[in-house]
Amino acid sequence: MKVLMVQPGEIPHETDIEPGLESLQAAVDGPIQAVYPYEDPVALICNEEGKFLGLPLNRALRDDTGEIYDIIAGNFLISGLGEECFSDLSPELMENY
């Protein structure tokens, strides 16, 4: 599955991971949480315990006015959304994010 990997302090890059829970957990170093902060059909997949574990802060999530409402800690992925599961991120969305 083609996804965008976003690591703290690094430029996001395209990567391929195997579909499935174990691969997602390995990519974010722990149990996953999916959030949907964007209007596009994408999921942000992060470590649900990232802040609690003190993982490095990565990127801020902002509301429509530009105010920060959350910060993602640790590695996260941006994936596409399929009918019932995560899917490849399209080339257009890969470029956008």
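This one's a predicted model, so the numbers in the text were calculated from it and none came from an experiment. Throughout, a residue's number is its position along its own chain's written sequence, starting from 1. For this predicted model, a pLDDT threshold of at least 70 governs which residues receive local features, and a threshold of 80 or more governs which side-chain atom pairs are given and counted, while totals over whole chains, interfaces and linings are taken from all residues. In computing side-chain values, all of the structure's heavy atoms are included and hydrogens and water are not.

A.B. asks: Give a description of the packing of aromatic side chains that names residues and reports values.
C.D. replies: Only the six-membered ring of Trp is used, alongside the rings of Phe and Tyr, when aromatic pairs are assigned; centres must lie within 6.5 Å, and planes under 30 degrees apart are stacked while those over 60 apart are edge-to-face, with the rest tilted. With the rule as written, the count across this model stands at 1 aromatic pair. The interplanar angle of 50° and the centroid separation of 4.9 Å between the aromatic rings of Tyr38 and Tyr97 together place this pair among those described as tilted. Taken together, the positions of Tyr38 in the loop between β3 (32–35) and β4 (42–47) and Tyr97 in the segment after α2 (91–96) put the pair 59 residues apart, joining distant regions of the chain. By the criteria applied, helices consist of DSSP H or I runs no shorter than four residues and strands consist of E runs no shorter than two, each listed in order from the N terminus.

A.B. asks: Please provide a residue-by-residue account of the side chain of Ser79, values included.
C.D. replies: Residue placement: Ser79 occurs in strand β7 (residues 76–81). The contact criterion used is simple: two residues touch if any of their non-hydrogen atoms lie within 4.5 Å. Those residues in contact with Ser79 that sit more than four places away from it in its chain are Val3, Pro41, Val42, Ala43, Ile45, Phe86, Ser87 and Leu89.

A.B. asks: Could you give an account of a negative patch on the surface, with specific residues and numbers?
C.D. replies: Taken together, the side chains of Glu39, Asp63, Asp64 and Glu67 make up a negatively charged region of the molecular surface. Structurally, Asp63 can be placed in the loop between β5 (57–62) and β6 (68–73). Exposed residues in this analysis have more than 50% of their type's maximum accessible area, buried residues have under 20%, and partly exposed residues fall in between, with area computed by a 1.4 Å probe over protein chains only. The class for Asp63 is partly exposed, based on a relative accessible area of 35%. Like-charged residues within 9 Å of one another, or nonpolar side chains (Val, Leu, Ile, Met, Phe, Trp, Tyr) within 5 Å, are grouped into patches, provided each residue has over 30% relative accessible area and no salt bridge. The Shrake-Rupley method, run with a 1.4 Å probe, gives the accessible areas here. Residue values count only the displayed protein chains as cover. What makes a salt bridge here is a side-chain nitrogen of Lys or Arg within 4 Å of a carboxyl oxygen of Asp or Glu, nothing more. Positive charges come from Lys and Arg, negative ones from Asp and Glu, while His and the chain ends are left out of the count. A charged residue contributes its charge at one atom only: NZ of Lys, CZ of Arg, CG of Asp or CD of Glu.

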